[in-house]
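Structure at a glance
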Amino acid sequence: MAGPFPRAYPKSSYRGRSHQNYDLTHCPTLVTHSDTGLVNPESQAPLARWAFYRRDRRSVRHARAYASAALDEWGLSARRDDVLLCVSELATNALLHGVPPGRGFALGLLLHPDGVLRVEVHDSGEGEVRPPDPAPEGEGGRGLLLVSVLADKWGAGPRNPGKIVWAEFGTGGPRGGR
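Residues numbered from 1 in each chain as written. Predicted model: local features only at pLDDT ≥ 70, side-chain atom pairs only at ≥ 80, totals over all residues. Heavy atoms only, no water.

Side note on the packing of aromatic side chains
Per the counting criterion, the structure on display carries one aromatic pair. The ring centre of Trp166 lies 4.3 Å from the NZ or CZ of Arg118, which sits over that ring. (Phe/Tyr/Trp six-rings, centres within 6.5 Å; stacked < 30°, edge-to-face > 60°. Lys NZ or Arg CZ within 6 Å of the ring centre and 35° of its normal.)

Written out as structure tokens, the structure reads:
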């Protein structure tokens, strides 16, 4: 498979299969990890975690759990609830508005050396991303409003095909190293 998402299984999807049996038709999530381990903070690349999710309603729950595990691994507790809520909202928006049938979305978590955590959701759908003006009695349409209030910065940009929606949070950085 070409692209930035190598084949891998999350622990929850092994179901007795051997490590070498990569049957992607049954894998709800593709996961990759990277850690540069550079010493000089000025030249350090961010810690990065990426996961790919199918167009499935359970993907939002899986994305939130994946983000929670990464935050635990990095020792980040500051703003945890804000980050996880924004992951849920961005993943939900990707599923509802940005993932055509037969496609999926990617979740990226990037922790920069200065403590800024960037959450990115990549989808292949078209359309403009902007906070809607929800009806007061309506049940939906508030996801990006929540993201705009909880995140320090947020935005969207193009990709081919589709778009990237991102949110950034100042976290103070990881505790105790990498």
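What follows picks up the thread again.
Regarding the pairing of strand S6 (residues 163-170)
Across the eight residues that make up S6, a large majority, seven, are buried. Two elements, strand S5 (residues 153-158) and S6, share six bridges in a ladder whose sense is antiparallel. Note that in S6 the partner of Lys153 across the bridge is Glu168. Between S5 and S6, which pair antiparallel in sequence order, lie four residues; one of them, Gly162, sits at a positive phi of approximately 100°. (Buried < 20%, exposed > 50% of the residue type's maximum accessible area, 1.4 Å probe, protein only. Helix = DSSP H or I, 4+ residues; strand = E, 2+ residues; numbered from the N terminus. Pairing = 2+ DSSP bridges.)

Notes on the pairing of strand S3 (residues 104-111)
Two faces, one strand: in a regular strand the side chains alternate between the faces of the sheet. Burial of S3 is extensive: eight of the eight residues sit out of reach of the surface. The side-chain alternation of S3 yields two buried faces, one formed by Gly104, Ala106, Gly108 and Leu110 and the other by Phe105, Leu107, Leu109 and Leu111. Pairing between strand S2 (residues 47-54) and S3: eight bridges, direction antiparallel. By the bridge assignment, Phe52 is partnered in S3 with Ala106. Sheet topology note: the S3/strand S4 (residues 116-123) ladder contains six bridges and is antiparallel.

Describing helix H2 (residues 80-98)
Between its terminal C-alpha atoms H2 stretches 25 Å, which fits the 27 Å expected from 19 residues at 1.5 Å a residue. Taken residue by residue, H2 has Arg80, Val83, Leu84, Cys86, Val87, Ser88, Glu89, Leu90, Ala91, Ala94, Leu95 and Gly98 as its buried positions. (Expected span 1.5 Å × (residues − 1).)

Re the packing of H2 against helix H3 (residues 143-150)
Following both chains from N to C, one finds H2 and H3 inclined at 150°, their axes separated by 9 Å at the closest point. Overall, the two elements H2 and H3 adopt an arrangement that is roughly antiparallel. For H2 against H3, the interelement crossing comes out left-handed. Of the residues in H3, those in contact with Asp82, Leu85, Cys86, Glu89, Leu90 and Asn93 of H2 are Gly143, Leu144, Leu146, Val147 and Leu150. Residue classes in the contact of H2 with H3 are distributed as seven nonpolar, two polar and two charged. (Axes fitted to C-alpha atoms, helices over the stretch in contact; angles between N-to-C directions. Parallel < 35°, antiparallel > 145°, perpendicular 65-115°, else oblique. Left-handed = near helix turned anticlockwise from the far one by under 90°. Contact = heavy atoms within 4.5 Å. Nonpolar A, V, L, I, M, F, W, Y, C, P; charged D, E, K, R; others polar.)

Side note on the nonpolar core
By size, the foremost hydrophobic cluster in this structure holds 34 residues, and its most contacted members are Trp74, Leu90, Phe105, Leu107, Leu109 and Val119. For this core, the elements supplying multiple residues, two or more each, are S2, helix H1 (59-74), H2, S3, S4, H3 and S6. With sequence-adjacent residues up to four places away left out, Leu107 is seen in contact with Arg49, Trp50, Ala51, Tyr53, Ala63, Tyr66, Val87, Val119, Glu120 and Val121. (Core = buried A, V, L, I, M, F, W, Y, C linked by side-chain atoms within 4.5 Å.)

Topic: the packing of H1 against H2
H2 packs onto H1 with a crossing angle of 150° between their chain directions and a minimal axis gap of 9 Å. When the axis of H1 is compared with that of H2, the two are roughly antiparallel. Of the two possible hands of crossing, H1 and H2 adopt the one that is right-handed. On the side of H1, the interface is formed by Ser59, Val60, Ala63, Arg64, Ala67, Ser68, Leu71 and Asp72, while H2 contributes Arg80, Val83, Leu84, Leu85, Val87, Ser88, Ala91, Thr92 and Leu95.

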